[in-house]
Structures are given as C-alpha cells and as structure tokens.
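Here are the chains, one letter per residue:
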Amino acid sequence: MMNDIIADALTRIRNAAMRKLEVATLLHSNTVVGVLNVLEQKEYIDSFKVIDGKNNKKTIQVTLKYDDAEKSVINEIKRVSSPGRRVYKPATELKSFKNGYGTIIVSTNKGVISNDEAFAAKVGGEVLCTVW
C-alpha cells in the first residue's frame, strides 16, 4: 500500500530524468493528473497520457523533456507537503519562487494550479511541490 502517491510520482519523474529515459510510468490519481497538467502547461514535460490497464488499474505515461545538450529541463522537483506534515500558504506568499524561474504547484479549491494562477486568483492552498 502506498501512502503518498504524489511523492512516488515525483520520484519516478526525477529518476527517469537522471537516467535520461524518454518515458516515465506513474500510478494514476486525479491529483497526479492535476500536477502533470501544470508541468505540461509550464513546459517542464512534453506530454502525458492516461492508459487503462488490467483489472481497472490506470497508469500514466509521461514523456520527459530535454534541452539541446540532452539535459533535463527539470533541475529540481521537490515534495513540500506530506501526509504527516501538510503545508498551507495564503495567496500573498505564493507570489514568486526562485525569482520567477521556478513554479510552486498548489492544491486549491479551484483545483491543482501553479503559484502564478493562485496569486492572480487570490486563493491559497496546500503546497504540493516545487519545480525549477
């Protein structure tokens, strides 16, 4: 049984990027799909697709993105909240991350969105992870 499916997804992406793999396979959850939507929108990954498997088990195939020097576009991806320690931030503290070069992914009442969208909509929420 897995306690933190988001941390598992981030670790699988990080490990696949270190090994310079083309595709990473993740376990499916709606929150992970929301995180991947933000990563795709901010151009940290190329694409992803949900695949139906055996016994109604879904997986997600993520196509990773690399630059011209074959280095991963994702420099660092970290889980902030955990099941034992939830981290919540108001909208005013979500203004920028790494001087605008990074992204904070936040779970709000408007769904899983980036810090830019949360600041513009003036909503805070649980900080899921940071990427730069």
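Quick note: structure is the one above.
The rules behind the values
- Residues numbered from 1 in each chain as written.
- Predicted model: local features only at pLDDT ≥ 70, side-chain atom pairs only at ≥ 80, totals over all residues.
- Heavy atoms only, no water.
- Helix = DSSP H or I, 4+ residues; strand = E, 2+ residues; numbered from the N terminus.
- Expected span 1.5 Å × (residues − 1).
- Buried < 20%, exposed > 50% of the residue type's maximum accessible area, 1.4 Å probe, protein only.
- Pairing = 2+ DSSP bridges.
- Salt bridge = Lys/Arg side-chain N within 4 Å of Asp/Glu carboxyl O.
- Contact = heavy atoms within 4.5 Å.
- Axes fitted to C-alpha atoms, helices over the stretch in contact; angles between N-to-C directions.

Engineer: A description of helix α2 (residues 30–41) should follow, citing residues and the corresponding values.
Structural biologist: Taking 1.5 Å as the rise per residue, α2 with 12 residues should run 16 Å; its terminal C-alpha atoms sit 16 Å apart, in good agreement. For α2, every residue scored as buried is listed here: Val32, Val33, Gly34, Val35, Leu36, Val38 and Leu39. Two residues or fewer after α2 comes Glu43, characterised by a positive phi angle close to 65°.

Engineer: Before we move on, could you go through the pairing of strand β7 (residues 111–114) and cite the residues and values that matter?
Structural biologist: Judged from the four bridges that link them, strand β6 (residues 103–108) and β7 form a sheet pairing that is antiparallel. Paired with Ser107 across the strands is Val112, a residue of β7.

Engineer: Explain the pairing of strand β2 (residues 45–52) residue by residue, including any values.
Structural biologist: Of the pairings in the sheet, the one linking β2 to strand β3 (residues 58–64) comprises seven bridges and is antiparallel in character. Counterpart to Ser47 in the pairing with β3 is Thr63. Linking β2 to β3, which pair antiparallel, is a turn of five residues; within it Asn55 sits at a positive phi near 55°.

Engineer: Lay out the pattern of salt bridges with the relevant residues and their values.
Structural biologist: A full pass over the atoms with the stated rule returns six salt bridges. We note a salt bridge from Arg79 to Asp4, for which the minimum N-O separation is 3.1 Å. A residue pair is termed long-range when its members are at least 10 positions apart, and Arg79 in strand β4 (residues 77–79) and Asp4 in the segment before α1 (5–18) qualify at 75 residues. In terms of burial, Arg79 and Asp4 fall into one category: buried. Here Arg86 makes a salt bridge to Glu126, at a shortest N to O gap of 3.1 Å. Taken as a pair, Arg86 in the loop between β4 and β5 (88–89) and Glu126 in strand β8 (residues 125–131) lie far apart in primary sequence, 40 residues in all. Given the relative accessible area of 43%, Arg86 is considered partly exposed.

Engineer: Can you explain the environment of Val123? Please cite residues and give values.
Structural biologist: Residue placement: Val123 occurs in the loop between α3 (115–121) and β8. When its relative accessible area of 13% is taken as the criterion, Val123 is described as buried. With residues near it in sequence (within four places) discarded, Val123 still touches Ala91, Leu94, Thr108, Asn109, Lys110, Ile113 and Ala118.

Engineer: Outline the sheet that holds β2, listing residues and values.
Structural biologist: The strand order across the open sheet formed by three strands is β1-β3-β2, and the pairing between neighbours is antiparallel. The open sheet has two free edges, formed respectively by β1 (23–27) and β2, since each of these has just one partner strand. Averaged over all pairs of adjacent strands, the angle between their axes in this sheet comes to 25°, without regard to strand direction. Sheet strands in contact with α1 are β1 and β3, and its direction is about 170° off that of β1.

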